[in-house]
Amino acid sequence: GLTLILSIHLARSYHHLFPLKSWVAVPWTEAKKSVACFSCQTPFPPVPKAAPPKIKLKVKESSGVGGQTAANIAKAKGRGEVPAKTNTVTAPTPGLLPEAIKAGVSESGRYKCPECDEHFCIDCDIYAHETIHNCPGCLARLVKSQQQQQEEVVGAGEAMEVDS
Ligand SMILES: [Zn+2]
Ligand SMILES: [Zn+2]
């Protein structure tokens, strides 16, 4: 015969069959879209306007009195300021960047759900994937669309909203 099970057991196996999609680390270029975690409202680190080390180096370069003499370069090397080399290091290989971001920790502190595109903090990422097995952003969307459907049924004359 059939084994009677509780609905929570079904829900548990559902989570194993259809696990929540992994969230991806958000690069700085996309980070300005959000200021706080969608779920818990924890503020995200602000997006840096420009790379500050580059500006500092430029000031030091221009303030050099003697120009590019060998003695000056040697002096700069001794103090640990080597402008020419550090400039090349600050530009990472563009092709490698997305993969590196995907694998590692998000530099911007933001993690994005590929389904709903909302940004979350690391704590909510872990909580959503290991405990509740649901995305707060996707659930919020679901509620929204259900509300919209109800509104459409009530006021049938109104134009349909299509989100691009
Ligand atoms: Zn959060
Ligand atoms: Zn989502």
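Residues numbered from 1 in each chain as written. Chains lettered and ligands numbered in written order. Predicted model: local features only at pLDDT ≥ 70, side-chain atom pairs only at ≥ 80, totals over all residues. Heavy atoms only, no water.

Draft legend 1. Structural detail: the overall build of the protein. Regarding its fold elements, the protein presents 8 helices and 3 strands. Starting at the N terminus and ending at the C terminus, the protein contains elements arranged as α-β-α-α-α-α-α-β-β-α-α. For the protein, with 164 residues in total, the buried portion stands at 16%. For the protein, contacts bridging at least 24 residues in sequence account for 65% of all contacts bridging at least 6. (Helix = DSSP H or I, 4+ residues; strand = E, 2+ residues; numbered from the N terminus. Buried < 20%, exposed > 50% of the residue type's maximum accessible area, 1.4 Å probe, protein only. Contact = heavy atoms within 4.5 Å.)

Draft legend 2. A look at helix α7 (residues 122–132). Three or more residues of α7 are buried, namely Cys124, Asp125 and Ala128. Down the axis of α7, the buried set is contained in an arc of 110°. They therefore lie on one face. Exposed residues lying more than 90 degrees from the buried face of α7 are Asp123 and Glu130. If you follow the buried residues of α7, they end up packed against β2 (111–112), β3 (119–120) and α8 (136–154). (Arc of directions from axis to C-beta.)

Draft legend 3. Structural view of the coordination of the zinc ion (ligand 2). Only Cys113 (SG), Cys116 (SG), Cys135 (SG) and Cys138 (SG) from the protein coordinate the zinc ion (ligand 2), and they sit 2.2 to 2.4 Å from it. Taken together, the 4 donor atoms coordinating the zinc ion (ligand 2) span angles of 105 to 113° at the metal, a pattern that classifies the geometry as tetrahedral. Site description for the zinc ion (ligand 2): donor spacing in sequence, C-x2-C-x18-C-x2-C. Under the relative-accessibility criterion, Cys135 is labelled buried at 3%. Given the relative accessible area of 25%, Cys138 is considered partly exposed. (Donors = N, O, S within 2.8 Å, 3.2 Å for Na, K, Ca; no water. Tetrahedral: all angles 85-135°; square planar, octahedral: opposite > 155°, others 65-115°.)

Draft legend 4. Spatial organisation of the coordination of the zinc ion (ligand 1). In the first shell of the zinc ion (ligand 1), the protein supplies Cys37 (SG), Cys40 (SG), Cys121 (SG) and Cys124 (SG), at 2.2 to 2.3 Å from the metal. For the zinc ion (ligand 1), the donor residues sit on a single chain with the sequence spacing C-x2-C-x80-C-x2-C. Taken together, the residues Cys37 in the loop between α2 (28–31) and α3 (52–63) and Cys121 in the loop between β3 and α7 connect sequence positions 84 residues apart. Across the pair, Cys121 and Cys37 agree in class, each one buried.

Draft legend 5. Region of interest: the sheet that holds β3. Taking strand neighbours across the sheet as the criterion, the 3 strands line up as β1-β2-β3 in an open arrangement whose pairing is antiparallel. In the strand order of this sheet, the two ends are held by β1 (24–25) and β3, each with one partner. Of the strand pairs in this sheet, β2 and β3 are connected by 2 bridges, and their pairing is antiparallel. Counterpart to Tyr111 in the pairing with β3 is Phe120. (Pairing = 2+ DSSP bridges.)

Treat this as a map of the structure, not an account of what it does.
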